[in-house]
Amino acid sequence: AWTQVDVEMLLDYAEEIRYKAGDCMAFQEGHFNDLLASLPIQPNSHRKTTKNCHNKWESLKREYYVASTIARGSGLAYSTERGTNVVIEAGQLVMDELIETRPEAAQFQNKGFKYWDRMQQFVPRDKARGAN
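Residues numbered from 1 in each chain as written. Predicted model: local features only at pLDDT ≥ 70, side-chain atom pairs only at ≥ 80, totals over all residues. Heavy atoms only, no water.

- The name an unreviewed UniProt entry assigns to the protein chain is Myb-like domain-containing protein, from the organism Pisolithus microcarpus 441.

Laid out in structure tokens, this is it:
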């Protein structure tokens, strides 16, 4: 399991080696080798692998892209703390339509993406992908 400390360490490391990832921030598994020794040992005595780190990075990017679609392209107000926090029926209809096309958007209906500010530094506005 990834704790907040683990994720923050991953993001700090990604910032440090971002030059290796290119414009799309596409790290390879091997890019995370040096991070492994720094990550804490899990309660079950296991260590994370480069594959775990790569998968978590890709997951964070996907979540950021979904939150970005809501924040920049849905017409709904978006808060990094409360997500869309839809309170009127018209807004709920927009959110329902968005969830129908992008089911992963449901997680941001009443809560924001915790790492929004951190991920914005990695993915420039013009690189964020919409729902296409």
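1. Remarks on the overall build of the protein chain
- Secondary structure assignment for the protein chain yields five helices and zero strands.
- Walking the protein chain from its N terminus toward its C terminus, one meets helices and strands in the order α-α-α-α-α.
- Principal-axis analysis of the C-alpha atoms places the extent of the protein chain at approximately 50 × 35 × 20 Å.
- Expressed as a percentage of its 132 residues, the buried residues of the protein chain come to 42%.
- Across the protein chain, the fraction of contacts at a sequence separation of at least 24, relative to all contacts at a separation of at least 6, is 68%.
- In the form shown here, the protein chain has an accessible surface area of approximately 7,800 Å², with 49% of it arising from carbon and sulfur atoms. (Helix = DSSP H or I, 4+ residues; strand = E, 2+ residues; numbered from the N terminus. Buried < 20%, exposed > 50% of the residue type's maximum accessible area, 1.4 Å probe, protein only. Contact = heavy atoms within 4.5 Å. Areas by Shrake-Rupley, 256 points an atom, 1.4 Å probe, with all protein chains shown as cover.)

2. A word on helix α3 (residues 50–73)
- If you check α3, its first and last C-alpha atoms are 34 Å apart, about what 24 residues at 1.5 Å a residue would give, namely 34 Å.
- Following α3 by one or two positions, Gly75 adopts a phi angle in the positive range, close to 85°. (Expected span 1.5 Å × (residues − 1).)

3. Points about helix α1 (residues 4–16)
- Helix length check: α1 (13 residues) gives 18 Å between terminal C-alpha atoms against 18 Å at 1.5 Å per residue, within 8%.
- Restricting attention to buried positions, one finds in α1 the residues Asp6, Val7, Leu10, Leu11, Tyr13 and Ala14. Axial view of α1: buried residues confined to an arc of 165°, hence all on one face. Summarising the geometry of α1, the exposed residues directed more than 90 degrees from the buried face are Val5 and Glu16.
- Packed against the buried residues of α1 are α2 (33–36), α3 and α5 (116–120). (Arc of directions from axis to C-beta.)

4. With respect to the side chain of Thr50
- You can see Thr50 is positioned in helix α3.
- Judged by relative accessible area, which is 16%, Thr50 ranks as buried.
- Excluding residues within four positions of it along the chain, Thr50 makes contact with Glu29, Phe32, Asn33 and Leu36.

5. Observations concerning unusual backbone geometry
- A positive phi is found at Ser45, a non-glycine position, where the angle reads about 70°.
- Looking at where Ser45 falls in the secondary structure, it is placed in the loop between α2 and α3.
- Under the relative-accessibility criterion, Ser45 is labelled exposed at 61%.

6. Let's talk about the packing of α1 against α3
- Packing of α1 against α3 leaves a shortest axis separation of 11 Å and a crossing angle of 85°. If you check the angle between α1 and α3, you find them roughly perpendicular. Only Cys53, Lys56, Trp57 and Leu60 of α3 make contact with α1, whose side of the interface consists of Val7, Leu10, Leu11 and Ala14. (Axes fitted to C-alpha atoms, helices over the stretch in contact; angles between N-to-C directions. Parallel < 35°, antiparallel > 145°, perpendicular 65-115°, else oblique.)

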